[in-house]
Each structure stands twice: as C-alpha cells, then as structure tokens.
Amino acid sequence: MNPVRVRFAPSPTGYLHIGGLRTALYNYLFARKHDGTVILRIEDTDQKRFVDDAEEDIIASLQWAGIEYDEGPGRDGGVGPYRQSERSDIYSEIAEKLVESGHAYIAFDTEEELAGMRERFATEENPNPRYGSSTREHMQNSFSLSEEDVSSRLASAHPHVIRLNVTPGETVSFTDLIRGDIAFATENVDDQILMKSDGHPTYHLANIVDDHMMGVSHVIRGEEWLPSTPKHILLYEALGWDPPKLAHLPLILSPTGGKLSKRSSERAGIPVFVNEYRSAGYESGALINFLALLGWNPGDERELFSMEGLIETFSLERVGQSGVQFDLNKLQWYNEQYLRQRSAQSIATDVKPLLAESGIEPSDEYLERVVEVMKERISIPSDLVEAMYFFQDPTSYDDKTKKKRWKEDSSDLILLFSEKLDPLEPFDATTIEIALRELAEEREAGAGRIIHSVRLATSGVGFGPGLFDLLEVLGKETTIRRLRAAAEILG
RNA sequence: GCCGCGUUCGUCUAGGGGUUAAGGACGCCGCCCUUUCACGGCGGUAACACGGGUUCAAAUCCCGUACGCGGUACCA
C-alpha cells in the first residue's frame, strides 16, 4: 500500500477562504488518520491575480486553526519547490513532451480571435462553443497551419499557447471516493490550454504534474473541480502516469442557498475569510469542529470533537455529497461550548484590547471577575463589550424594561435597599441576597419585584448576570451611587 | 443552452428494501429550576421534492420530471 500523501493547494489570489479551510481540514484529517503526509503547495501560476500577502495569510490562518503541514514552503520534503512559480522548467518540459507525443498542440490565436470564434459558432442551443475537435480546424494552430508556418511563427517568438488535444468519441471515467463512478464524453471536454502565452502553466497542467511528482496519493478538493477532472485524467493517461485517488467535497453554500461569495455572505453577516473569524474572536477549535461536521458526520451522535477526536473518527466515506449551507447559529453554539471550557483569566486577556478600543481600561482583577459572571452567557468574547454597565454608570434605561418592571414604588424600594446595603460587610452575593430578601419581607413586596428594579437601576437593561453577582462585582459604592441616581431619574 | 453533481425537519445530518408512528444536533416554542438574567434539565414544533416503475414490502433500488449547485477563461 502506497503511503498516504495529500496536498492542500491554495492559490494566493486572496486570503484563506472559509471553504478553503474546510478543504485543508479534510485533507489534514485524512492524512493524520492514515499516518500520511500533508503538503502545502502554493499555486501561484496566475500572476494577474496575485495578492502580495495572501501566502502569508494562508499560512498564518492554517496555523491558527491548528492545521499543520509537513511539507511546503520552508519545509522541504525532497520533492519541492512547493511554489509553482518556482517550478516553471518542469512544466515547460512536460508540455514539450506532450506536444511531441501528439497529446498537445500549439495554438496562436489572440484573445480577439478567440472572442470572434465564440461569437461565430455561438447558437441558441450552444451559447458557449468550445475550442475543440469541432472548432480547432478554424483556428490558428498546428492543426490548421502548415508545419513551416508553425515553425516560422515559433522562430519569430510569436506568442503561443499549448493546448490539450482531446480526441472526440471517447469516454473518460473515474471513481470518486465520495460520489462513485463518474463519466464524461470527450465531446464535452475542450482543448484546455496547458501552457499560457506568458510561459506559465494553467492549473490543469501544473496540478497533475505536481501531484505526480510529489507522490500525492489522494486529491481531496472542492466540487468545483469535478467538471475539469476528465482533463486531468486525460493528461495522466497521456503521460503514462497513474492518477491519484480523487475525492470531491460538497461546496459550502450561503444560508440563502447560493454560492458563499463575498457579497452573499456579507449580506448574511457571515465572514468569508478565516482571518475575520480570528479577529472577531472565534475559538479556532470551535470553527474547526463546526466545519468538520459541515458535510461530514461521525456516524454516531457526538457533536463535540477535539482535533485528535476528529482524526480518530474521520473517514471520507462519511462525507456527504450535497452542498451544505453555512449556519452561523450553529457556529455560535460551538463557540459557546468552547468558550466555557476556558478560564476567566484567559478570556479576560482576549477582551482587554477590545475594551481598550472604547477607552475602557479596567484592572485585570476586575475584568476577570466580570468574565467569571458573564462567561456562561456570551457567545464570543466581544459580547462583553456590549455590557458597558460593568465599566460605566448607565446613561439611559431600556424603555421596554422600564415599562414592564418599573412600578410606582420602585424608587422607594431601591432607595431603601441602598440604605440596607450601606453598612453591609462583606459586600458579596450572599450578604446582598440576604439584605434584599429581608427588605422584601419587611415591605411585603415580592423579591422579584425589587430584583428587577435594582437590575434596571444598576445596569440600565433588563438582562445580564445573576443580580447578586452583578452587584458584588460592581461593588458597594457603585451600586449605591447607581441606585440613587436611578431613583432620581426614573422617579 | 450544454455537461456534471446533487435533493430526509428552516439548517447540519442518521437511516441505504421490512422492529421508523423516520433518530440526533442547531434554531424556534413551552415547562421546570430561579420570586432576577443566563446556564442546565425536561418536553414540543418540524422532513423522506414530484411522477412512474421493480418488489409481498421502497425514504431506501431503477427511470423520468422539477428544482438546486457547480462547470462551460491564456482564473484557480
């Protein structure tokens, strides 16, 4: 049995996409499960769309997510380099070979000529004619041009591309590990460009050359590659190479059903880039857990998995075949689960800079106590920034709560309560609660009644941590000050 | 248009011919706990796209239709 070697092969045309992270994750899980190797390969053959700091972002995002790679830029495994831009010679050589063996051919068509062809051959039934057996005779290439013409153009450095020579009337089939047997008629496969006129290979050539030379055993990639797979199979055959095993993952869809594009996701409030989740404060473990279960399931009813647990349980057979919609709610739930496992201290460290942005700079001790009472009721650390009442006296009181909870005698009650608190020592949740219940009894008022008024008076809102915890954290002085102020303002 | 892939609760899914009045999770709703907010516990809502076949029996196999998604670049 050949060793398992997988690759994650992003293109540095943008920051790491959430879907890309999932692809990387599934590759990683599969490799670790089978004691295999993970290769990171940078597919930078498109110089026009190259983004300067994309590679850096991809690597940083993977690391944040806990997905390690064994070979890649900076980690030589003996089959590098791992950036396609550094492998140009290899591709040209292979392309040359393909031309010699007749599996590929040279074409000189300009962009205008290609556009003209599409216009000329477009019909209602076929609005997108392809460059292939039915049209290639009408174009500028080594099929239509004389040998002398071709060589003289080549000699004068005439811009040209190399195209795959697809023979019509055949069937290309392969077995997908997730979808089973898939077949394409070669009539529907176009004469794909393999080498662009700028001397760079296209993805199609580069990926099969690299997968072969890097000893990749399993190609696990997004479903958007399924339609171009026959081209890849044809190339493997032409070169006499065994294709790797193939697995095409279902795509992540936006909650409305379409592709999770930048636009659609923004409308749905879903970040597309991994670095956005990171800076928003999501737990990487939660994101990974969520993504793993988005399109895959363990076959039992477990929901919470560590990376180790995922590795142990993962299998491609349990990956679904249909597109999956991104559910921010569920991610949030996962994040809550992970957040609660963390110490107040470590969460406080994360929240600190967020508060500083609003000019709030509490002491570490105070912030930690805030986190302790809030930990169970936030989804993400930044939720704490919403609870400004921990750091500032309320400047307004929620109208709905006021209407519902603020009664005739409320201000009397909270003033009496503040008097009861004054001598309290120590000032903690237990003593506060006793004081409040005493007052309730004395005044024959329901404790709930006082609680609600006090909450509104001290926080300005109708929800938050347990009231006695809240007051303890705020401290005696602040509590009394706020009670008095509220009695005055709310009347 | 053509090619390919898909279709079980709103969402992620289990189930792959008979013990399924279709199970779990998120969400939503209710109850309990709390004379407070949550957490938690308990319960509820809610799905086999449609039409034909095959079979004693179909969510499960086959065909068709509809719908969705992807592809149809000198992008990846």
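Just so we're clear, the structure is a prediction, and the values are computed from it rather than from any experiment.

## What to know about the pattern of salt bridges
- Using the criterion set out here, one finds 29 salt bridges in the structure.
- Put simply, Asp 210 and Arg 41 hold a salt bridge, and the shortest N to O gap is 3.6 Å. With Asp 210 in helix H6 (residues 203-213) and Arg 41 in the loop between strand S2 (37-40) and helix H2 (54-65), this residue pair connects regions lying 169 residues apart in the sequence. There is no split in this pair, since Asp 210 and Arg 41 are both buried.

## As for the sheet that holds strand S7 (residues 193-195)
- The strand order across the open sheet built from three strands is S3-S4-S7, with neighbouring strands paired in antiparallel fashion. Each edge of the open sheet is held by one strand with a lone partner, namely strand S3 (104-107) and S7. The sheet shows a mean angle of 40 degrees between the axes of neighbouring strands, direction not considered.
- Direction of pairing for strand S4 (residues 161-164) relative to S7: antiparallel, over a ladder of two bridges. Along S7, the bridge assignment pairs Arg 163 with Ile 193.

## Things to note about the side chain of His 200
- By the element assignment, His 200 lies in the loop between S7 and H6.
- For His 200, a relative accessible area of 15% translates into the label buried.
- Ignoring any residue separated from it by four or fewer positions in sequence, one finds His 200 in contact with Thr 45, Gln 47, Ser 88, Leu 194 and Met 195.

## Remarks on the domain arrangement of chain A
- Once the domains are mapped, chain A shows domain 1 (1-72 + 250-341), domain 2 (88-195), domain 3 (344-388) and domain 4 (399-490).
- In this structure, domain 1 and domain 4 have C-alpha centres spaced 47 Å apart.

## Brief notes about the nonpolar core
- In terms of nonpolar packing, the biggest core is built from 55 residues, with Ile 67 and Phe 326 touching the most fellow members.
- Considering each element in turn, this core owes the most residues, nine residues, to helix H1 (residues 18-33).
- Beyond its immediate sequence surroundings of up to four residues, Ile 67 is in contact with Leu 21, Ala 24, Leu 25, Tyr 28, Leu 62, Ile 288 and Met 307.
- By size, the runner-up hydrophobic cluster in this structure holds 51 residues, among which are Leu 367, Ile 451, Leu 467 and Leu 470.

## With respect to the packing of helix H13 (residues 344-357) against helix H14 (residues 364-374)
- Where H13 meets H14, the axes come as close as 9 Å, and the angle between the chain directions of the two elements is 110 degrees. Relative to H14, H13 is oriented roughly perpendicular. Read as a crossing pair, H13 and H14 show a hand that is right-handed. Here Ala 344, Gln 345, Ile 347, Ala 348, Lys 352 and Leu 355 of H13 come into contact with H14, specifically with Asp 364, Leu 367, Glu 368, Val 371 and Glu 372.
- Per-class residue counts for the contact of H13 with H14 are six nonpolar, one polar and four charged.

## As for helix H19 (residues 447-459)
- Helix length check: H19, at 13 residues, gives a terminal C-alpha distance of 18 Å against a target of 18 Å (1.5 Å per residue), a fit within 8%.
- Turning to H19, its buried residues number three or more, namely Ala 447, Ile 450, Ile 451, Ser 453, Val 454, Arg 455, Leu 456, Ala 457, Thr 458 and Ser 459.
- Buried residues along H19 sit in contact with helix H16 (399-405), helix H17 (410-421), helix H18 (429-443), helix H20 (467-474) and helix H21 (476-490).
- Among the residues trailing H19, Gly 460 stands out with phi positive, at a value near 85 degrees.

## Comments concerning the packing of aromatic side chains
- Scanning the model with the defined rule gives 15 aromatic pairs in all.
- Judged by centre distance (6.4 Å) and plane angle (45 degrees), the rings of Tyr 277 and Phe 326 are tilted. Note that Tyr 277 is positioned in helix H9 (residues 274-280) and Phe 326 in the loop between strand S11 (324-325) and helix H12 (328-340), a separation of 49 residues in sequence.
- An aromatic cluster is built from Tyr 277, Tyr 282, Phe 290, Phe 326, Trp 333 and Tyr 334, whose rings are joined through pairwise contacts.
- Looking at Arg 136, its charged tip hangs above the ring of Phe 143, at a distance of 4.5 Å from the centre.

## Digging into unusual backbone geometry
- Residues Gly 80 and Pro 81 are joined by a peptide bond in cis, for which omega reads 0 degrees.
- Considering the arrangement of structural elements, one finds Pro 81 in the loop between H2 and helix H3 (88-100).
- Its identity is not glycine, yet Asp 35 carries a phi of approximately 50 degrees, on the positive side.
- Inspection of the secondary structure puts Asp 35 in the loop between H1 and S2.
- Assessed through its relative accessible area of 74%, Asp 35 is described here as exposed.
- With a phi close to 55 degrees, Ala 157 is a non-glycine residue in the positive phi region.

The rules behind these values
Residues numbered from 1 in each chain as written. Chains lettered and ligands numbered in written order. Predicted model: local features only at pLDDT ≥ 70, side-chain atom pairs only at ≥ 80, totals over all residues. Heavy atoms only, no water. Salt bridge = Lys/Arg side-chain N within 4 Å of Asp/Glu carboxyl O. Helix = DSSP H or I, 4+ residues; strand = E, 2+ residues; numbered from the N terminus. Buried < 20%, exposed > 50% of the residue type's maximum accessible area, 1.4 Å probe, protein only. Pairing = 2+ DSSP bridges. Axes fitted to C-alpha atoms, helices over the stretch in contact; angles between N-to-C directions. Contact = heavy atoms within 4.5 Å. Domains from an automatic or database assignment. Core = buried A, V, L, I, M, F, W, Y, C linked by side-chain atoms within 4.5 Å. Parallel < 35°, antiparallel > 145°, perpendicular 65-115°, else oblique. Left-handed = near helix turned anticlockwise from the far one by under 90°. Nonpolar A, V, L, I, M, F, W, Y, C, P; charged D, E, K, R; others polar. Expected span 1.5 Å × (residues − 1). Phe/Tyr/Trp six-rings, centres within 6.5 Å; stacked < 30°, edge-to-face > 60°. Lys NZ or Arg CZ within 6 Å of the ring centre and 35° of its normal.

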